[in-house]
Amino acid sequence: MKIMVAVKRVIDYAVKIRVKSDKTGVEMNNIKMSMNPFCEIALEEALRIKESGLAAEVIAVSMGSNQCVDTLRTGLAMGADRAIHVDTTSTLYPLSVAKILKALIDIEKPGLLILGKQAIDDDCNQTGQMVAGLLKWPQGTFASKVVVDKEKQVARVDREVDGGLETLCLDLPAVITTDLRLNQPRYATLPNIMKAKSKVIKKVTPAELNVEIKSDLELVQVTEPPKRKGGVIVSSVDELINKLKNEAHVI
């Protein structure tokens, strides 16, 4: 069984985001970029499934400009067997990403597609659900535990919901999106980083996959959230109630 993992290049989680002066987006120049943390968790889970003998190959996929190759090299250094770079400079929204993934899945025929539940740049949390719909595959989102049964060709997924945990049994092939508590991603070792530099990354374009990239969303404006005002100390419950009622307008 093959496992395909989608990984995204995003602004590093430790970087303070700055909005452009014209409010058309965020500053991307001279900013540290890294693999989306949820994608790291997805890749780690795929590698663990392979190491347990339940999969033969892990394929990492990334979409975007040439800089995505660095993200794929990180994935190869972590342990992925192959990498595919979908080369495009167009802005990719979740539906376009889902269509590209479907096209790659039709070619590669993996038994499992694992993605992070969301990317930390746009927080859309839509791609996994969309690609499952396009493929007509069962899906397990927000997975906190995954157990694959190779003989029965099913995956048991514990997923986090508002009321606690929900357990699903998915017939393979299936789509799984990962939550934070699924695992702790490994660090790429220096020898593996050096080996990853010599591994071939297959490059394709959306046109070669017969996928048309078009914008189904319009970005109107990007603004920073309002700055929090300083707190005040009140001397009595009556004063607190008065401020909540007449100033904060929450009661």
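Placed above this text is the structure.
Everything quoted here is computed from the prediction, not taken from an experiment. (Residues numbered from 1 in each chain as written. Predicted model: local features only at pLDDT ≥ 70, side-chain atom pairs only at ≥ 80, totals over all residues. Heavy atoms only, no water.)

Caption draft 1: Structural view of the overall build of the protein. Helix and strand counts for the protein come out as 6 helices and 11 strands. Overall, the protein is about 65 × 45 × 40 Å in size when its C-alpha atoms are taken along their principal axes. Considering the protein as a whole, with its 251 residues, one finds that 41% of them fall into the buried category. With an accessible surface of roughly 14600 Å², the protein has 52% of that area assigned to carbon and sulfur atoms. (Helix = DSSP H or I, 4+ residues; strand = E, 2+ residues; numbered from the N terminus. Buried < 20%, exposed > 50% of the residue type's maximum accessible area, 1.4 Å probe, protein only. Areas by Shrake-Rupley, 256 points an atom, 1.4 Å probe, with all protein chains shown as cover.)

Caption draft 2: Up close: the pattern of salt bridges. A full pass over the atoms with the stated rule returns 15 salt bridges. The salt bridge partner of lysine 102 is aspartate 106, with a shortest N-O separation of 3.1 Å. Taken together, the residues span about one helical turn, with lysine 102 and aspartate 106 both in helix H3 (residues 94-108) at a distance of 4 residues. The network of salt bridges with shared partners includes Lys2, Glu57, Arg82 and Glu108. (Salt bridge = Lys/Arg side-chain N within 4 Å of Asp/Glu carboxyl O.)

Caption draft 3: Representation of the nonpolar core. In this structure, Val5 and Leu112 are the most contacted members of the largest nonpolar core, which totals 34 residues. For this core, the secondary structure elements donating two or more residues are strand S1 (2-6), helix H1 (37-51), strand S4 (57-64), helix H2 (68-78), strand S6 (112-116), strand S7 (139-149), strand S8 (154-161) and strand S10 (174-178). Among the elements that line this core, the one with the most residues is H1, at 7 residues. Those residues in contact with valine 5, other than ones at most four positions away along the chain, are Cys39, Ala42, Leu43, Ala46, Val58, Ile59, Ala60, Val61 and Ile114. Met4, Val61, Met63 and Val204 belong to the second largest nonpolar core, which has 25 residues in total. (Core = buried A, V, L, I, M, F, W, Y, C linked by side-chain atoms within 4.5 Å. Contact = heavy atoms within 4.5 Å.)

Caption draft 4: Structural detail: a nonpolar patch on the surface. A cluster of nonpolar side chains, namely Val237, Leu240, Ile241, Leu244, Val250 and Ile251, defines an oily patch on the protein surface of about 530 Å² accessible area. Tracing the sequence through the fold places valine 237 in helix H6 (residues 237-246). Overall, valine 237 belongs to the exposed group, its relative accessible area being 58%. (Patch = residues over 30% accessible without salt bridge, like charges linked within 9 Å, V, L, I, M, F, W, Y side chains within 5 Å.)

Caption draft 5: Here's a closer look at the packing of H3 against helix H4 (residues 127-135). The interhelical angle for the contact between H3 and H4, taken along N-to-C directions, is 50 degrees, at an axis separation of 8 Å. When the interaxial angle is binned, H3 and H4 end up oblique. By crossing handedness, the relation of H3 to H4 is classed as right-handed. Note on element contacts: H4 touches H3 through Thr127, Met130, Val131, Leu134 and Leu135, opposite Pro94, Leu95, Val97, Ala98, Lys99, Leu101, Lys102, Ile105 and Asp106. Counted by class, the contact of H3 with H4 contains 10 nonpolar, 1 polar and 3 charged residues. (Axes fitted to C-alpha atoms, helices over the stretch in contact; angles between N-to-C directions. Parallel < 35°, antiparallel > 145°, perpendicular 65-115°, else oblique. Left-handed = near helix turned anticlockwise from the far one by under 90°. Nonpolar A, V, L, I, M, F, W, Y, C, P; charged D, E, K, R; others polar.)

Caption draft 6: Local environment of the sheet that holds S1. Across the sheet, which stays open at both edges, the 9 strands sit in the order S9-S8-S7-S10-S6-S1-S4-S5-S11 with mixed pairing between neighbours. Each end of this open sheet is capped by a strand with a single partner; those strands are strand S9 (164-171) and strand S11 (201-204). Between one strand axis and the next, the sheet turns through 30 degrees on average, direction left out of account. Across 3 bridges, the pairing between S1 and S6 is parallel. Among the inter-strand pairings, methionine 4 is bridged to a residue of S6, identified as leucine 113. This element, H1, spans S1, S4, S6, S7 and S10 of the sheet and lies at about 150 degrees to S6. Strands S4, strand S5 (82-87) and S11 of the sheet are contacted by H2, whose axis makes an angle of about 165 degrees with S5. (Pairing = 2+ DSSP bridges.)

Caption draft 7: Inspection of the environment of glutamate 212 at higher detail. Here glutamate 212 shows up in the loop between S11 and H6. C-alpha of glutamate 212 to C-alpha of isoleucine 100: the two residues are 112 residues apart in sequence and 9.0 Å apart in space.

Caption draft 8: Spatial organisation of the pairing of S10. Within S10, 5 of the 5 residues are buried, leaving the element largely enclosed by the surrounding structure. Side chains Ala174, Ile176 and Thr178 project from S10 onto one buried face, and the interleaved Val175 and Thr177 project onto a second face that is buried too. With 5 bridges joining them, S6 and S10 adopt parallel strand pairing. The residue bridging leucine 112 from the neighbouring strand is alanine 174, located in S10. When S7 meets S10, the two strands line up parallel, connected through 3 bridges. Among the inter-strand pairings, alanine 143 is bridged to a residue of S10, identified as threonine 178.

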